[in-house]
Amino acid sequence: MSRPIHFEIHADDVARATAFYGSVFGWTFEDWSQFAGMPYFGATTGEEGTPGINGAIMQRPAGAAGPGAPVNGAVLTLGCGDYDATHEKILAAGGQVAMPKAALPGMAWQGYYLDTEGNVFGLHQPDPEAK
């Protein structure tokens, strides 16, 4: 059985995308462009030994599909402790709501957003009281 060990987020503007994910989620970045031969920034998403994976933000090799187009690829869902506070940070950093917050009854709050590059990502706050 294989588990995800790395992710890549494509961006038209890598600096803008790293600023977005850094300001909203506290990710840190290391420039790996010399190894990749293109703008490519390794993303550390949390502390060593905590659940989750690290990845990268890289230069998009071709144009994005645009708002309203179906997702072409995987959707990265990010956990949070306070959905509403994180929602406000996303909007303040230039993100947009793609699908509004909804209850997964008895489990969590879930919603979807567009980052500054038009990529879809999910937001998930565990809450057994969600209705």
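In what follows, the structure referred to is the one given above.
The structure displayed is predicted, hence computed values, not measured ones.

Asker: Please provide a residue-by-residue account of the side chain of His87, values included.
Answerer: Residue placement: His87 occurs in helix α3 (residues 83-92). What His87 contacts, discounting residues up to four positions off in sequence, is Val97, Tyr113 and Leu123.

Asker: Describe in detail the packing of helix α1 (residues 14-25) against α3, supporting the description with residues and values.
Answerer: Orientation of α1 relative to α3, taken along the N-to-C sense of each, is 155 degrees, at an axis distance of 9 Å. As the angle between them shows, α1 and α3 are arranged roughly antiparallel. Here the hand of the crossing between α1 and α3 comes out right-handed. Residues Phe20, Ser23, Val24 and Phe25 of α1 touch α3, and the partners they reach there are Thr86, Lys89 and Ile90.

Asker: Which residues make up the nonpolar core, and what values do they have?
Answerer: Nonpolar side chains in soluble globular proteins tend to end up buried together. One finds Tyr21, Phe25, Trp27, Ile57, Ile90, Phe121 and Leu123 to be the most contacted residues of the largest nonpolar core, which totals 19 residues. Breaking this core down by element, the ones donating at least two residues are β1 (7-11), α1, α3 and β8 (120-126). Per-element accounting of this core gives the leading share, six residues, to α1. Ignoring sequence-local partners within four residues, the contact set of Ile90 consists of Phe20, Val24, Phe25, Gly95, Tyr113, Phe121 and Leu123.

Asker: Give a description of the sheet that holds β8 that names residues and reports values.
Answerer: The sheet built from four strands is open, its strands ordered β5-β8-β7-β6 with mixed pairing. Of all the strands in the sheet, the pair left with one neighbour each is β5 (76-79) and β6 (96-104). Here the strands of the sheet are splayed against their neighbours by 20 degrees on average, with no regard to which way each runs. Of the strand pairs in this sheet, β5 and β8 are connected by four bridges, and their pairing is parallel. Residue Thr77 lies in a different strand from β8, and its bridge partner there is Gly122. Strands in contact with α1 are β5 and β8; relative to β8, the strand with the most contacts, it is inclined by about 5 degrees.

Asker: With reference to specific residues and values, describe the sheet that holds β1.
Answerer: Ordered in space as β1-β4-β3-β2, the four strands form an open sheet in which the pairing is mixed. On the outer flanks of this sheet lie β1 and β2 (28-31), each paired with one strand and no other. With strand direction ignored, the average angle separating the axes of adjacent strands in the sheet is 30 degrees. Looking at chain direction, strand β3 (residues 40-44) and strand β4 (residues 55-59) are connected through four bridges and run antiparallel. Looking at β4, one finds that Ala43 is bridged to Gly55.

Asker: Which residues make up the pairing of β3, and what are the values?
Answerer: The side chains of a regular strand alternate, first on one face of the sheet and then on the other. Taken together, the four bridges between β2 and β3 define a ladder with antiparallel strand orientation. Paired with Asp31 across the bridge in β3 is Phe41.

Asker: I'd love a proper account of the environment of Gly73, names of residues and values included.
Answerer: When you line up the elements, Gly73 lands in the loop between β4 and β5. Gly73 sits in the exposed class, given a relative accessible area of 55%. Along the primary structure Gly73 and Asn119 are separated by 46 residues, whereas in three dimensions their C-alpha atoms are 9.8 Å apart.

What counts and how
- Residues numbered from 1 in each chain as written.
- Predicted model: local features only at pLDDT ≥ 70, side-chain atom pairs only at ≥ 80, totals over all residues.
- Heavy atoms only, no water.
- Helix = DSSP H or I, 4+ residues; strand = E, 2+ residues; numbered from the N terminus.
- Contact = heavy atoms within 4.5 Å.
- Axes fitted to C-alpha atoms, helices over the stretch in contact; angles between N-to-C directions.
- Parallel < 35°, antiparallel > 145°, perpendicular 65-115°, else oblique.
- Left-handed = near helix turned anticlockwise from the far one by under 90°.
- Core = buried A, V, L, I, M, F, W, Y, C linked by side-chain atoms within 4.5 Å.
- Buried < 20%, exposed > 50% of the residue type's maximum accessible area, 1.4 Å probe, protein only.
- Pairing = 2+ DSSP bridges.

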